[in-house]
Amino acid sequence: MTDNPAATNDVAVSLRARINTGQPHTARIWNYWLGGKDNYEVDRAAGDQIRQLHPGIGEYARADRLFLGRAVRHLVGEAGIRQFLDIGTGLPTADNTHEVAQRIAPESRIVYVDNDPLVLAHARALLTSTPQGRTDYLDEDLRNVDAILEHAAKTLDFSQPVALMLLGVVIFIGDDEDPYGLVRQLTDRLPAGSHLVLSHTITSPSMPDVDEAVKFWNEHGTPKLKQRTPEDVARFFDGLELLEPGVVSCSRWRPEGGDGAEPEEVAMFGGVARKN
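For every chain, the first residue of its written sequence is number 1, and the numbers climb from 1 along that sequence. Per-residue local features are limited, in this predicted model, to residues with pLDDT of at least 70; the limit for side-chain atom pairs, both in listing and counting, is 80 or more; totals at the level of whole chains, interfaces and linings are taken over all residues. Hydrogens are left out, water is left out, and the side-chain values use all remaining heavy atoms of the structure.

1. Concerning the overall build of the protein chain
Here's step 1: In this description a helix means any DSSP run of H or I spanning at least four residues, a strand means any run of E spanning at least two, and both kinds are numbered starting from the N terminus. Helix and strand counts for the protein chain come out as ten helices and eight strands.
Here's step 2: For 276 residues, the compact-globule estimate of 2.2 N^0.38 gives 19 Å, and the C-alpha radius of gyration of the protein chain, at 18 Å, lies within 12% of that figure.
Here's step 3: Along the longest, intermediate and shortest principal axes, the C-alpha atoms of the protein chain span 45 × 45 × 40 Å.
Here's step 4: Each of the 276 residues in the protein chain was classed as buried or not, and the buried ones make up 54%.
Here's step 5: Throughout, a contact is declared for two residues whenever any of their heavy atoms are within 4.5 Å. A fraction of 73% describes how many contacts in the protein chain between residues 6 or more apart in sequence connect residues 24 or more apart.
Here's step 6: Reported accessibility uses the Shrake-Rupley method at a 1.4 Å probe radius. Residues are deemed covered only where the shown protein chains occlude them. Put simply, the protein chain shows about 12,100 Å² of open surface, and 48% of that area lies on carbon and sulfur atoms. Every radius of gyration here is taken over C-alpha atoms, with the globule rule written as 2.2 Å times N^0.38, N being the number of residues. Partly exposed residues are those whose accessible area sits between 20% and 50% of the maximum for their type, while under 20% is buried and over 50% is exposed, using a 1.4 Å probe and protein chains only.

Given below as structure tokens:
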């Protein structure tokens, strides 16, 4: 269910002029690493070069996706959340936010937000919904907080708790753009009982190959990204009740199954926090 024109073929066709197939783009490379087909040769070539610099890059793309699933299952199944504002959606893949949420609670409502024209062209895949719930898509930038909240209010009830999903998107906000202020603007507008789910690429002395991969990306790809330390990532949750186990490697946030051994650390850290 949607009133958004992104679901029409005419809009998808008109977006082609906005899609630059001559320069690698992060959403398409991420899609490539996850085994998707919504990418171009230039993205695959860049993705392979980055993987040579940092062989584990594909693992943290997958770890971030699995973290999303575990976080959403917790929020729906244990915290009772039925509304999600997913900013920086990326290209549709398996187990998108609405699929995970509505599998548990069919009445869940999800608004996706992204400003990538290729994501918008594929938005139809994100606009499926159970009859009891609803999904919508906004072609908007994280920096435009007022516009996002105004349009999302057509689908979400902001008098009730909302889960704000910021997975791998704040990395594209430079320090000169006040990334902490942007996140705070969003969480300040949400009611008590809402949650923040955030993941972010880190820089760490123990992972020098990650820094090399990011350097290569920023020289050749778009948009440019900003690494932050685990401590810097934890600052995004200031003022909120951080759930256990805190801000950790996405692979280590409440892992499921396995033999009980701690999963290998990846350079994508994340956490979940509640607004009291």
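Having put the structure on the table, let's press on.
2. Concerning the pairing of strand β5 (residues 195-201)
Here's step 1: For β5, a buried count of seven out of seven residues is recorded, marking the element as mostly surrounded by other parts of the structure.
Here's step 2: Both faces of β5 are covered, namely the face carrying His-195, Val-197, Ser-199 and Thr-201 and the face carrying Leu-196, Leu-198 and His-200.
Here's step 3: Two strands make a pair as long as DSSP finds a minimum of two bridges between them. As defined by bridge partners, strand β4 (residues 163-167) adjoins β5 across five bridges and the pair is classed as parallel. Paired with Met-165 across the strands is Val-197, a residue of β5.
Here's step 4: With the strands pointing away from the viewer, any crossover whose connection runs clockwise from the first strand over the helix to the second is right-handed. Regarding the hand of the β-α-β motif, the stretch spanning β4, helix α8 (residues 179-188) and β5 is right-handed.
Here's step 5: Across seven bridges, the pairing between β5 and strand β8 (residues 268-274) is antiparallel. Across the sheet, residue Leu-198 finds its bridge partner in β8, namely Gly-271.

3. Notes on the environment of Ile-81
Here's step 1: Note that Ile-81 resides in the loop between α4 (57-77) and β1 (83-87).
Here's step 2: Residues Ile-81 and Arg-109, 28 residues apart in the sequence, show an inter-C-alpha distance of 9.7 Å.
Here's step 3: Not counting residues up to four positions away in its chain, the partners in contact with Ile-81 are Leu-75, Val-76, Pro-161, Ala-163, Gly-193 and His-195.

4. Regarding the environment of Gly-22
Here's step 1: Assignment of secondary structure puts Gly-22 in the loop between α1 (9-14) and α2 (26-33).
Here's step 2: A C-alpha to C-alpha distance of 34 Å links Gly-22 and Phe-236, two positions 214 residues apart in sequence.

5. Remarks on the confidence of the model for the protein chain
Here's step 1: Summary of the metric used: pLDDT quantifies the predictor's per-residue confidence within the range 0 to 100. Counting all residues, the mean pLDDT for the protein chain is 86, and 91% of those residues have values of 70 or more.
Here's step 2: Per-residue pLDDT stays below 50 along residues 1-8; that stretch engages in 24 contacts with residues further than four places along the chain or on separate chains.

6. Focus: unusual backbone geometry
Here's step 1: Pro-245 follows Glu-244 through a cis peptide bond whose omega is 10°.
Here's step 2: Along the chain, Pro-245 turns up in the loop between β6 (241-242) and β7 (248-249).
Here's step 3: One non-glycine residue, Asp-178, lies in positive phi territory at about 55°.
Here's step 4: Tracing the sequence through the fold places Asp-178 in the loop between β4 and α8.

7. Focus on the pattern of salt bridges
Oppositely charged side chains can pair when the atoms bearing their charge come close.
Here's step 1: Here, a salt bridge means any Lys or Arg side-chain nitrogen found within 4 Å of an Asp or Glu carboxyl oxygen. Going through the model one piece at a time under the given rule, you end up with eleven salt bridges.
Here's step 2: Where Arg-143 meets Glu-177, a salt bridge forms, and the shortest distance between an N and an O atom there is 2.7 Å. Of the two residues, Arg-143 is situated in the loop between β3 (134-139) and α7 (145-152) and Glu-177 in the loop between β4 and α8; the sequence distance between them amounts to 34 residues.
Here's step 3: Bridged by salt links that share partners, the residues Asp-141, Arg-143 and Glu-177 form one connected network.

8. A word on α7
Here's step 1: Those residues of α7 lying buried are Val-145, Ile-148, Leu-149 and Ala-152. Along the axis of α7, the buried positions cluster into a sector of 90°, meaning they face one direction only. Across α7 from its buried face, at more than 90 degrees, point the exposed residues Asp-146 and Glu-150.
Here's step 2: Considering only its buried residues, α7 is in contact with β1, β2 (109-114), β3 and α8. The arc in question is the one spanned by the directions pointing from the helix axis to the C-beta atoms.

9. With respect to the nonpolar core
Soluble globular proteins: nonpolar side chains tend toward being buried together.
Here's step 1: Counting residues in hydrophobic clusters, the biggest one holds 84 residues, and the most contacted among them are Phe-84, Leu-85, Ile-87, Leu-166 and Leu-198.
Here's step 2: It is α4 that provides the largest number of residues to this core, a total of ten residues. Think of a nonpolar core as a cluster: buried Ala, Val, Leu, Ile, Met, Phe, Trp, Tyr and Cys residues, connected wherever their side-chain atoms sit within 4.5 Å.

10. Some words on the packing of aromatic side chains
Here's step 1: Stacked, tilted and edge-to-face are the three classes applied to pairs of Phe, Tyr and Trp rings, where Trp contributes its six-membered ring and a pair requires centres within 6.5 Å; stacked means planes under 30 degrees apart, edge-to-face means over 60, and tilted covers the rest. Enumeration according to the criterion identifies two aromatic pairs in this entry.
Here's step 2: Pairing Phe-67 with Trp-253 gives two aromatic rings, centres 5.6 Å apart and planes at 80°, and the pair type is edge-to-face. Linking Phe-67 in helix α4 with Trp-253 in the loop between β7 and β8, this pair joins segments that are 186 residues apart in sequence.
Here's step 3: Ring centres 4.2 Å apart and planes at 25° place the aromatic pair Tyr-180 and Phe-236 in the stacked group. Within this pair, whereas Tyr-180 is found in helix α8, its partner Phe-236 is found in the loop between α10 (230-234) and β6, the two being separated by 56 residues in sequence. Phe-236 carries the same exposure label as Tyr-180, and that label is buried.
Here's step 4: For a Lys NZ or an Arg CZ to count as sitting over a ring, it must be within 6 Å of the ring centre and within 35 degrees of the ring normal. Taking NZ or CZ as reference, Arg-235 lies 3.8 Å from the ring centre of Tyr-180, over its face.

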